[in-house]
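# Structural characterization, general
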Amino acid sequence: MTTPDIAARRVLGACAVLAVGALTLTACGGGADAKNDDGKGGGESSKSSEAKIVISAKDGSTGASINTTGVKVSGGELTDVKMTVVGTGQDVPGFITADGGSWKPKEQLERGTKYEISATAKDTDGRSAAADSTFSTVSKANSFIGTYTPDGGTTVGVGMPVSFSFDKVISDKKAVQSHITVTSSSGQKVVGHWFGAQRLDFRPEEYWKAGSKVTMKIDLDGVEGGNDVFGVQKKTVTFTVGRSQVSTVDADTQTMTVVRDGKTLKKVPISTGSAEFTTYNGQMVISEKFPKLRMDSRTVGLDNAYDIPDVPHAMRLTQSGTFIHGNYWYNKGNPPFGRQATSHGCVGLQDVQGGQGDTSAAWFYDNSLLGDVVIVKNSPDKTVAPDNGLNGWNMSWTEWVSGSAV
C-alpha cells in the first residue's frame, strides 16, 4: 500500500537536526583597529604594544561566518575576549587557546544575528592592546543548507547513497559539488549526480563494499550556490557500511529471498500489489524504519481505500509511499498468505496486530538496516524512478556520471 511521505532527513552538522558546520562570507583578516595602552586608536609608536589583534569579522560587516568567526593575535597573547548578542546582551561562550594566540566560540553562531566582540591582549613587555567589532552573520535569506543522509557515526546497508537536499535552488552546481567530497576506505570511485536543482546524491558504480568506511567532507562555507546565496556548512562526517543484505521480491512466486553476504538467509511469503495497484519493479533502498505507522490512502490520492492506524514493522522504499511492512489484516478467506497479490502497491509480510509475535515481518524488520536493498522483479509495473526515494541504483553508471557537475 502507499502512504504519505515521511521525511527522515537531518540537517547536517552541529546546530540542527542533523546539524552541520557553517560558512564564512566575510574575508578573514579584515579585523577591527587595535588600540594602544592609552586607549586611543593610533598608529605605530615606540610606546605602542607589539600585540596586533585581528577579529575575522570586520566592524560593520554583514554576512559573517557562523563557523569561522574568531579572534587572533600576533606579537603577544590574548588576555580577554568577550562576545555578546547585540540587543539582548547574551554572552557567547568561547575559549582562548593554550598559547594565547586565538579565540573562538564554543558553539556555532546563529544566522542573521548581530554580535559584538571586544578583545584585549598584551605583548612580551606587558603593553596592552584592544580591538572590537560589531557585525552581523549571514542571513537565512542569503544562505543555504543541505540536509543529508546518512547520519555520521551510523552503520548502514550497502545500498545507502549519500544524499543532500538543499533548501535553496542551486544554480552553480559545479561550485557546490566541488566542495563536497565522498570517499570510501574500499577505494571505490564515488561520483555525484544531480536530481534537479536541489538534490545531489553520491554513490559508487556498484553497492558499497561491506565493512568499508565512508567519509564525506562538506566544505561549503562561503561557497556561492547562485544568486548571492552562500553555503553555511563545514563538517566532516563518517559512517560505516555493515554486512551486505539484498532481498529479492518475486511478484510471480510471491516470495522474498533474503541474501546476506552472498548466502541465502531465509525465504518468506509476501504479498505484492494487486492487478489494480501494482508494485514498482527495481532496486529500492530502505530509507526509514517505523515500528508502527498510520497509513491513510487519502494522502496518496486513493480516496477511502484504507486507513490503518497501526501498520507494524513499516520500512520505507520510496518517497511516493511504497513500503515493505507487516500485514495483520489479510483476509483469511483469500488463499494462504504468499499465494495472491492483494496490496495497494506495498510489499506485505505476515504479521500480528501490535507486531509482538514471532512473524516474518518482525524477523525481517529486526534483521534490516537503513540502506539495505530490496529488489522487486516480475511485477507488471514499471521500474521505480531513480529519484523516488534513495533509488539511484536504477540508473546505469553512464547515466549517473553524466549527471555530475564536476
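Let me sum up the structure you'll find in this document. In every chain, residue numbers begin from 1 and rise along the written sequence. Whole-chain, interface and lining totals are the exception, using all residues; otherwise, since this is a predicted model, local features are given only for residues with pLDDT of at least 70 and side-chain atom pairs are given and counted only at 80 or more. Derived side-chain values reflect all non-hydrogen atoms in the structure, with water molecules and hydrogen atoms excluded from consideration.

### A short note on the overall build of the protein chain
A run of H or I in DSSP becomes a helix once it reaches four residues, and a run of E becomes a strand once it reaches two; helices and strands are each numbered from the N terminus. Secondary structure summary: the protein chain contains 3 helices and 28 strands in total. Exposure classes here rest on a 1.4 Å probe applied to the protein chains alone. A residue is buried below 20% of its type maximum, exposed above 50%, and partly exposed in between. By the burial criterion, 50% of the 406 residues in the protein chain qualify as buried. Pairs of residues are marked as contacts when any of their non-hydrogen atoms sit within 4.5 Å. A separation of at least 24 residues holds for 67% of the contacts in the protein chain among residues at least 6 apart in sequence. Carbon and sulfur atoms make up 48% of the accessible area of the protein chain, which amounts to about 18,100 Å² in all. In these tables, accessible area is a Shrake-Rupley quantity obtained with a 1.4 Å probe, and a residue counts as shielded only by the protein chains included in the view.

### Considering the pattern of salt bridges
In the sections that follow, a salt bridge refers to a side-chain nitrogen of Lys or Arg positioned within 4 Å of a carboxyl oxygen of Asp or Glu. Within this structure, the stated rule accounts for 7 salt bridges. Here Asp91 ties to Lys82 by a salt bridge, and the two come within 2.7 Å at their closest N and O atoms. The residue Asp219 makes a salt bridge to Lys234 at a minimum N-O spacing of 2.7 Å. Here Asp219 is found in strand 16 (residues 213-219), whereas its partner Lys234 is found in strand 19 (residues 234-241), with 15 residues between them in sequence. Connected through shared salt-bridge partners, Asp123, Asp125 and Arg127 make up one network.

### So, the environment of Met160
Considering the arrangement of structural elements, one finds Met160 in the loop between strand 11 (155-156) and strand 12 (162-166). Judged by relative accessible area, which is 1%, Met160 ranks as buried. In this structure, the C-alpha to C-alpha distance between Met160 and Gly392, residues 232 residues apart in sequence, is 9.8 Å. The residues touching Met160, leaving out its near neighbours within four places in the chain, are Pro150, Trp208, Val285, Ile286, Leu370, Gly371 and Leu390.

### Here's the deal with the nonpolar core
Side chains that are nonpolar tend, in soluble globular proteins, to be buried together. Among buried residues, the Ala, Val, Leu, Ile, Met, Phe, Trp, Tyr and Cys ones that are joined through side-chain atoms within 4.5 Å form a nonpolar core. With 30 residues, the main nonpolar core has Phe164, Phe166, Val176, Ile180, Val182, Phe202 and Leu220 as its most contacted residues. Those elements that provide at least two residues to this core are strand 12, helix 1 (173-177), strand 13 (180-184), strand 14 (190-195), strand 15 (199-204), strand 16 and strand 19. Excluding its chain neighbours within four sequence positions, the residues that come into contact with Val182 are Val162, Val190, Phe202, Trp208, Val214, Thr215 and Met216. Ala51, Ala64, Val81 and Ala121 belong to the second largest nonpolar core, which has 25 residues in total.

### Here's the deal with the sheet that holds strand 27 (residues 347-350)
Pairs of strands are assigned from DSSP output, requiring at least two bridges between the strands. Spatially, 23-28-20-21-22-27-26-25-24 is the arrangement adopted by the 9 strands of the open sheet, whose pairing is mixed. Where the open sheet ends on each side, the last strands, each with one partner, are strand 23 (282-285) and strand 24 (288-296). Averaged over neighbouring strand pairs, the angle between their axes works out to 35° when direction is ignored. In terms of strand pairing, strand 22 (residues 263-271) meets strand 27 through 2 bridges, oriented antiparallel. Residue pairing for strand 27: Ile270 is matched across the bridge by Leu349. Every axis in this analysis is a line fitted to C-alpha atoms, fitted for helices over the stretch in contact. Angles between the N-to-C directions lie between 0 and 180 degrees.

### Quick look at the packing of aromatic side chains
Working definition: rings of Phe, Tyr and Trp (its six-membered ring) pair if their centres are within 6.5 Å, and the pair is stacked with planes under 30 degrees apart, edge-to-face with planes over 60 apart, and tilted otherwise. Scanning the model with the defined rule gives 10 aromatic pairs in all. With a centroid separation of 6.0 Å and an interplanar angle of 10°, the aromatic rings of Phe164 and Phe166 are classed as stacked. As far as the burial class goes, Phe164 and Phe166 line up, both buried. With a centroid separation of 5.9 Å and 70° between ring planes, the pair formed by Phe195 and Trp400 is classed as edge-to-face. Of the two residues, Phe195 sits in strand 14 while Trp400 sits in helix 3 (residues 397-402), which places them 205 residues apart along the sequence. Here Phe195 falls in the buried class, since its relative accessible area comes to 14%. Ring pairing ties together the aromatic residues Phe144, Tyr148, Phe164, Phe166, Trp194 and Phe202, which thus form one cluster. Taking NZ or CZ as reference, Lys266 lies 4.5 Å from the ring centre of Trp363, over its face. In our convention, an over-ring charge means Lys NZ or Arg CZ found within 6 Å of a ring centre and within 35 degrees of that ring's normal.

### Quick look at the pairing of strand 3 (residues 71-74)
Only one face of strand 3 is covered, namely the one carrying Val71 and Val73; the face carrying Lys72 and Ser74 has none of its residues buried. Relative to strand 3, strand 2 (residues 52-55) runs antiparallel, the two being bridged by 4 bridges. Pairing of Lys52 across the sheet is with Ser74, part of strand 3. Examined bridge by bridge, strand 3 and strand 6 (residues 102-105) share 2 bridges and lie antiparallel to one another.

In short, the description is geometric, and any link to function would need to be established separately.
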